[in-house]
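Each chain is listed here by its residues.
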Amino acid sequence: MSWKSTPASAERQLARLDDEFETVAKPQGLRRTSDARVAREAAASDDSPDGAESSGLWQRSSEQRSSNQRGAARGRRADAAGNDGEASTSDGKPARKGPSLKMRAVGYLSRREHAREELARKLAAYAEDAAEVESVLDALEKEGWLSTERFAQSLVHRRASRQGAARIVQELRQHGVDDNQVAELRDQLRATEYDRALEVWKKRFSAKPEDRAAYAKQARFLASRGFAHDVIRRILGEGDED
């Protein structure tokens, strides 16, 4: 075939080549055109007033959601702190929230008897000043909730089967029980000291001591419980003078 063609045949050949080129290049060109159009539309959206407003609204909405999430997290932490215990003030005392001072006192007294001084120490952590505590204690005594005398009787009842008069009297004085009542209770305890000490000794030892070491061991045990030395000698025998 000669390359020297007529003008008409040359035009037909160029037209055929153009058709083949379009057939091969058209899909890729379409994709490039589509991508370019999307990019132009996105840029136009960002540059236009509506696009800028939409972007700003989205940013503000995102910031608001983040702020709401932080606020919810702080609320959950505050609730957890409230459930775990009471918040503290700057001076280290629990904040005044929850039961009133009087309700706290009644709660303590409903579990067991308290001496006035003992209850005052417990309430001091929740009161603004000592005068407030004293006012509550006065009201409780007037209403019959609080009684140091009743507390003393209760303490003796709880301790008498295990301890001697000396140790019980010491505890009564630590709780601020009146000296006259302490003296009265001490006389009552001394009257039953031997029988109570003997029961305590029997629960711990099976026989009287046979030598000095055993005697010293048993005597120390009874003395640590607060029983008098004369009672200990009556139970164990005279033993060694040392």
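Residues numbered from 1 in each chain as written. Predicted model: local features only at pLDDT ≥ 70, side-chain atom pairs only at ≥ 80, totals over all residues. Heavy atoms only, no water.

### Points about helix 7 (residues 165-174)
Cut-off, in case you're wondering: A simple rule labels every residue: compare its accessible area, found with a 1.4 Å probe on the protein chains alone, to the largest value its type can have, and call it buried under 20%, exposed over 50%, or partly exposed in between. Strands are runs of DSSP state E lasting at least two residues, helices are runs of H or I lasting at least four, and both sets are numbered from the N terminus onward. It is the directions from the helix axis to the C-beta atoms that the arc portrays. Contacts are residue-level and defined by heavy atoms, with any inter-residue pair within 4.5 Å sufficient.
Within helix 7, the full set of buried residues consists of Ala-165, Ile-168, Val-169, Glu-171 and Leu-172. The buried residues of helix 7 occupy an angular sector of 160 degrees when the element is viewed end-on, so they sit on one face. The outward face of helix 7, more than 90 degrees from its buried face, is lined by the exposed residues Ala-166 and Gln-174. Of the surrounding elements, those touching the buried residues of helix 7 are helix 6 (148-159), helix 8 (179-191) and helix 9 (193-204). One or two residues past the end of helix 7 sits Gly-176, with phi positive at roughly 80 degrees.

### Comments concerning the packing of aromatic side chains
Counted only if it meets this: Two aromatic rings, drawn from Phe, Tyr or Trp (for Trp, its six-membered ring), form a pair once their centres lie within 6.5 Å of each other, and the interplanar angle then sorts them: stacked below 30 degrees, edge-to-face above 60, tilted otherwise. The rule is short: NZ of Lys or CZ of Arg within 6 Å of the ring centre and within 35 degrees of the ring normal puts a charge over the ring.
Applying the stated criterion across every chain yields a total of one aromatic pair. Taking NZ or CZ as reference, Lys-122 lies 5.0 Å from the ring centre of Tyr-108, over its face. Between the NZ or CZ atom of Arg-234 and the centre of the ring of Tyr-194, over which it lies, the distance is 4.0 Å.

### Here we look at the UniProt feature "domain: RecX second three-helical" (unreviewed entry) in the chain
Here is the rule: UniProt positions are given in the numbering used here, feature names are shortened, and annotations may be inferred rather than shown by experiment.
Listed under "domain: RecX second three-helical" (unreviewed entry) in the UniProt record, and renumbered for this structure, are residues 149-184. Annotation note: span residues 149-184, helix share 75%, strand share 0%, distance between end C-alpha atoms 11 Å.

### Details of the pattern of salt bridges
Side chains that differ in charge, positive against negative, can pair when their charged atoms come close. Keep this limit in mind: Basic side-chain nitrogens of Lys or Arg form a salt bridge, by our definition, when they fall within 4 Å of a carboxyl oxygen of Asp or Glu.
Inspection of every chain in the model, using the stated rule, returns nine salt bridges. The partner of Glu-113 in a salt bridge is Arg-150, and the shortest N-O contact between them spans 2.7 Å. Here the residue Glu-113 occupies a position in the loop between helix 3 (101-111) and helix 4 (116-124), and Arg-150 occupies one in helix 6, the gap between them amounting to 37 residues. In this structure, Asp-230 and Arg-190 form a salt bridge, with 3.7 Å as the shortest nitrogen-oxygen distance. In this pair, Asp-230 is assigned in helix 11 (residues 229-236) and Arg-190 in helix 8, connecting sequence segments 40 residues apart. For Asp-230, a relative accessible area of 35% gives the class partly exposed. For Arg-190, a relative accessible area of 39% puts it in the partly exposed group.

### Considerations on the environment of Val-106
By the secondary structure assignment, Val-106 is in helix 3. The buried category is assigned to Val-106, whose relative accessible area is 15%. For the pair Val-106 and Leu-140, spaced 34 residues apart in sequence, the C-alpha separation works out to 8.2 Å. Those residues in contact with Val-106 that lie beyond four places of it in its chain are Leu-140 and Trp-145.

### Some words on the nonpolar core
Operational definition: As used here, the term nonpolar core means buried Ala, Val, Leu, Ile, Met, Phe, Trp, Tyr and Cys residues forming a set that is joined through side-chain atoms within 4.5 Å.
Core analysis: the biggest nonpolar cluster contains 15 residues, and Trp-201, Leu-222, Phe-227, Ile-232, Ile-235 and Leu-236 have the highest contact counts within it. At the level of secondary structure, the elements contributing two or more residues to this core comprise helix 9, helix 10 (212-224) and helix 11.

### Here's the deal with the packing of helix 3 against helix 4
Packed helices, taken two at a time, are described by their axes: the angle between them and the distance between them. Short version of the rule: Fitted lines through C-alpha atoms serve as axes, helices being fitted only where they are in contact, and the angles separating the N-to-C directions of these axes extend from 0 to 180 degrees. When describing relative orientation, an angle under 35 degrees is termed roughly parallel and one over 145 degrees roughly antiparallel, while 65 to 115 degrees is termed roughly perpendicular and anything else oblique. In this scheme the crossing of two helices becomes right-handed for a clockwise turn of the near helix relative to the far one and left-handed for an anticlockwise turn of less than a right angle. Residue polarity follows a fixed list, in which Ala, Val, Leu, Ile, Met, Phe, Trp, Tyr, Cys and Pro are nonpolar, Asp, Glu, Lys and Arg are charged, and the others, Gly among them, are polar.
At a minimum axis separation of 10 Å, helix 3 and helix 4 run at an interaxial angle of 130 degrees. The angle between the axes of helix 3 and helix 4 places the two elements in the oblique class. Considering how the two elements wind past one another, helix 3 and helix 4 form a crossing that is right-handed. Residues Leu-101, Arg-104, Ala-105, Tyr-108 and Leu-109 of helix 3 form the contact with helix 4, whose participating residues are Leu-119, Lys-122 and Leu-123. Among the residues forming the contact of helix 3 with helix 4, the class breakdown is six nonpolar, no polar and two charged.

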